[in-house]
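# Understanding the architecture of this molecule
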Amino acid sequence: MANVTIYTRQLCGFCTAAKRLLDRKGIAYVEHDASFDPALKREMIQKANGRATFPQIFVGDTHVGGCDDLMAMERAGKLDALLAA
């Protein structure tokens, strides 16, 4: 199972939805709350090739994107294969 990392911020509905999907699938993840940490937010933006919206999700070294991207992968049946890699 691949390592999953999610950068979040407090009171973010998209962050909550993404974590809910991962929880429902039984996927463990490391959450980095960048709400009040500018250095962590800069790290996220750099890793996400300039994307600054929350959440930003990574499966191993693969940048999935945000919540909508994660949900689209799930609907297309591609998320399980990525998680299993």
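In this text the structure is predicted, and so the values were computed from the model without any measurement.

### Brief notes about the overall build of the protein
Scanning the protein from N- to C-terminus turns up four helices and four strands. Overall, the C-alpha framework of the protein stretches about 35 × 25 × 20 Å when taken along its three principal axes. Going through the 85 residues of the protein one by one, you find that 38% of them count as buried. Accessible surface, the protein: about 5,000 Å² in total, of which carbon and sulfur atoms supply 51%. Of note, the protein has its 11 positive side-chain charges centred 4 Å away from the centre of its 10 negative side-chain charges.

### Some points on the nonpolar core
In this structure, Val 4, Ile 57, Val 59, Val 64 and Leu 70 are the most contacted members of the largest nonpolar core, which totals 16 residues. When sequence neighbours within four positions are dropped, the list of residues in contact with Leu 70 reads Ala 18, Leu 21, Leu 22, Ile 57, Val 64 and Leu 79. Membership of the second largest hydrophobic core comes to nine residues, among which are Cys 12, Cys 15, Ala 34 and Ala 48.

### A short note on helix α2 (residues 38-47)
Measuring from the side-chain oxygen of the N-cap residue of α2 to the backbone nitrogen of Ala 39 gives 3.2 Å; that N-cap residue is Asp 37. Phi for Asn 49, located one or two positions after α2, is positive at around 55°.

### Description of unusual backbone geometry
The omega torsion across Phe 54 and Pro 55 is -5°, close enough to zero to call that bond cis. With respect to the helices, strands and loops of the structure, Pro 55 is situated in the loop between α2 and β3 (56-59). Even without glycine at this site, Leu 11 takes up a positive phi of about 60°. Locating Leu 11 in the fold gives a position in the loop between β1 (4-8) and α1 (13-24). The exposure class assigned to Leu 11 is exposed, which follows from its relative accessible area of 88%. With phi around 55°, Asn 49 is a residue other than glycine that occupies positive phi space.

Conventions we followed
- Residues numbered from 1 in each chain as written.
- Predicted model: local features only at pLDDT ≥ 70, side-chain atom pairs only at ≥ 80, totals over all residues.
- Heavy atoms only, no water.
- Helix = DSSP H or I, 4+ residues; strand = E, 2+ residues; numbered from the N terminus.
- Buried < 20%, exposed > 50% of the residue type's maximum accessible area, 1.4 Å probe, protein only.
- Areas by Shrake-Rupley, 256 points an atom, 1.4 Å probe, with all protein chains shown as cover.
- Lys, Arg positive; Asp, Glu negative; His and termini not counted.
- Charge placed at Lys NZ, Arg CZ, Asp CG, Glu CD.
- Core = buried A, V, L, I, M, F, W, Y, C linked by side-chain atoms within 4.5 Å.
- Contact = heavy atoms within 4.5 Å.
- Polar contact = N/O pair within 3.5 Å; in protein donor to acceptor, adjacent residues only side chain to side chain.

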